[in-house]
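So the chains spell out like this:
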Amino acid sequence: MPTLARFTAAALLAVLAAACADSRTAPSTPLSVATDPLPSTDTPSPMPTASVRPSSTGHRPADGSSLASCKDADCEVEVRAGDRLRIDKRFGVQRLTISALDPDEVTIALLGFTGGLRAEGANVSISSSCVNGRCRDEGKLSLAPGRSARINNLRLELPYVSGDHAILRLTPR
């Protein structure tokens, strides 16, 4: 029997014996396999392995970091402090601004039309003001993973948050 075939057969027997053994039938001493050294040209090359690179957050929002995709209030985007999302006026909200990001919470500043801004969630505050005949509503709310919020007919969720970025999901209701 050629050297390579003898080595392969012995290795296969050792693997099968180890795989089939359980605590009741396992030998008390490990099996040893006598092998002849192989020339370097006969050494099989290792199988290639596929590598998967996670995103920087480990999470991938459906719309990436395209804040413009939120215009229709149906998006999932990565946000950072200072990001502004413009929302179609039919939702009664002009703009959402990510005002602060903490490791477990995001604070969102709201800008809407006078009397048309209603919000539900944590730490909600809304006020109306008029300057030179131009009136608007301003407010803020906090959002954390596992807690949703609502602004008029929009649902806000935070699937992921870290100290410097988060994933924000908007859904029209």
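The coordinates are above.
What counts, and where the lines are drawn
- Position labels on residues start from 1 in each chain and follow its written sequence.
- Residues qualify for local features only when their pLDDT is at least 70, as the model is predicted, and side-chain atom pairs are given and counted only at 80 or more; totals for whole chains, interfaces and linings, by contrast, use all residues.
- Calculated side-chain values reflect all of the structure's heavy atoms, with hydrogen atoms and water omitted.
- Two cysteine sulfur atoms make up a disulfide if the distance between them is within 2.5 Å.
- Burial classes follow relative accessibility: with a 1.4 Å probe on protein chains only, a residue under 20% of its type's maximum area counts as buried, one over 50% as exposed, and anything between as partly exposed.
- Paired strands are those between which DSSP finds at least two bridges.
- Each helix is a run of DSSP H or I of at least 4 residues and each strand a run of E of at least 2, with the numbering of both proceeding from the N terminus.
- In these notes, a set of buried Ala, Val, Leu, Ile, Met, Phe, Trp, Tyr and Cys residues joined through side-chain atoms within 4.5 Å is what counts as a nonpolar core.
- For this analysis, residues touch if any pair of their heavy atoms sits within 4.5 Å.
- With axes taken as lines fitted to C-alpha atoms, and helix axes fitted only over the stretch in contact, angles between N-to-C directions fall between 0 and 180 degrees.
- Counting rule for charge: Lys and Arg are taken as positive, Asp and Glu as negative, and neither His nor the chain ends is counted.
- Each salt bridge in this description consists of a side-chain nitrogen of Lys or Arg and a carboxyl oxygen of Asp or Glu lying within 4 Å of one another.
- The term polar contact refers here to a pair of N or O atoms within 3.5 Å; inside protein, the definition further demands a hydrogen-donor-capable atom paired with an acceptor-capable atom, and it admits residues adjacent in sequence only when both atoms are side-chain atoms.

Draft legend 1. Molecular detail of the state of the cysteines. Enumeration over the complete set of coordinates arrives at two disulfides. The partner cysteine of C70 in its disulfide is C75, sulfur to sulfur 2.0 Å. The chirality of the disulfide connecting C70 with C75 is right-handed, given an S-S dihedral of about 95°. Owing to a relative accessible area of 0%, C70 belongs among the buried residues under this scheme. Taken in sequence order, the bonded cysteines of the protein chain link in the pattern 1-2, 3-4.

Draft legend 2. Representation of the pairing of strand β10 (residues 166-172). Pairing of strand β1 (residues 75-79) with β10, which is carried by five bridges, proceeds in the antiparallel orientation. Bridging from a neighbouring strand, V79 pairs with A166 of β10. Note: strand β9 (residues 154-161) against β10, six bridges, orientation antiparallel. Following the sheet pairing, R155 is matched in β10 by T171. In this structure, the hairpin formed by β9 and β10 is closed by a connection of four residues.

Draft legend 3. View of unusual backbone geometry. The backbone phi angle of N132 is positive, close to 50°, even though this residue is not glycine. With respect to the helices and strands, the residue N132 is situated in the loop between β6 (122-131) and β7 (134-143). One non-glycine residue, N152, lies in positive phi territory at about 50°. The topology assignment puts N152 in the loop between β8 (149-151) and β9. We classify N152 as buried; its relative accessible area is 5%.

Draft legend 4. Region of the structure containing the nonpolar core. By size, the foremost hydrophobic cluster in this structure holds 29 residues, and its most contacted members are L85, I87, L96, I108 and L156. Beyond its immediate stretch of four places on either side in the chain, I87 contacts C70, K71, A73, V93, Q94, L96, L154 and L170.

Draft legend 5. Quick peek at the sheet that holds β7. Spatial ordering of the open sheet is given by β2-β3-β4-β7-β6, a layout of five strands whose pairing is antiparallel. Looking at strand neighbours, the two that pair on one side only are β2 (84-86) and β6, the edges of this open sheet. Across the sheet, the mean angle from the axis of one strand to that of its neighbour is 20°, orientation sign disregarded. Examined bridge by bridge, strand β4 (residues 105-113) and β7 share eight bridges and lie antiparallel to one another.

Draft legend 6. Broad picture of the sheet that holds strand β5 (residues 119-120). Reading across from one edge, β1-β10-β9-β8-β5 is the order of the five strands in this open sheet, with antiparallel pairing throughout. Either end of the sheet is taken by a strand with one partner, and the two such strands are β1 and β5.

Draft legend 7. Quick peek at the side chain of D137. Mapped onto the elements of the fold, D137 is located in strand β7. There is no salt bridge for the buried D137, and the closest opposite charge comes from R118, which lies 7.6 Å off by N-O distance. A distance of 3.2 Å separates the side chain of D137 from the backbone nitrogen of L117, its partner in a polar contact. Apart from the residues lying within four places of it in its own chain, the contact partners of D137 are L110, L111, G112, F113, T114, G115, G116, L117, I126, S127 and S128.

Draft legend 8. Here's a closer look at the pattern of salt bridges. Counted under the stated rule, the structure contains eight salt bridges. Ionic pairing is found between R150 and E120, a salt bridge with its closest N-O pair at 2.8 Å. With R150 in strand β8 and E120 in strand β5, this residue pair connects regions lying 30 residues apart in the sequence. Residue R150 is classed as partly exposed on the basis of its relative accessible area of 28%. Taken together, the shared-partner salt bridges in this structure form one network comprising E76, R155, E157 and R169.

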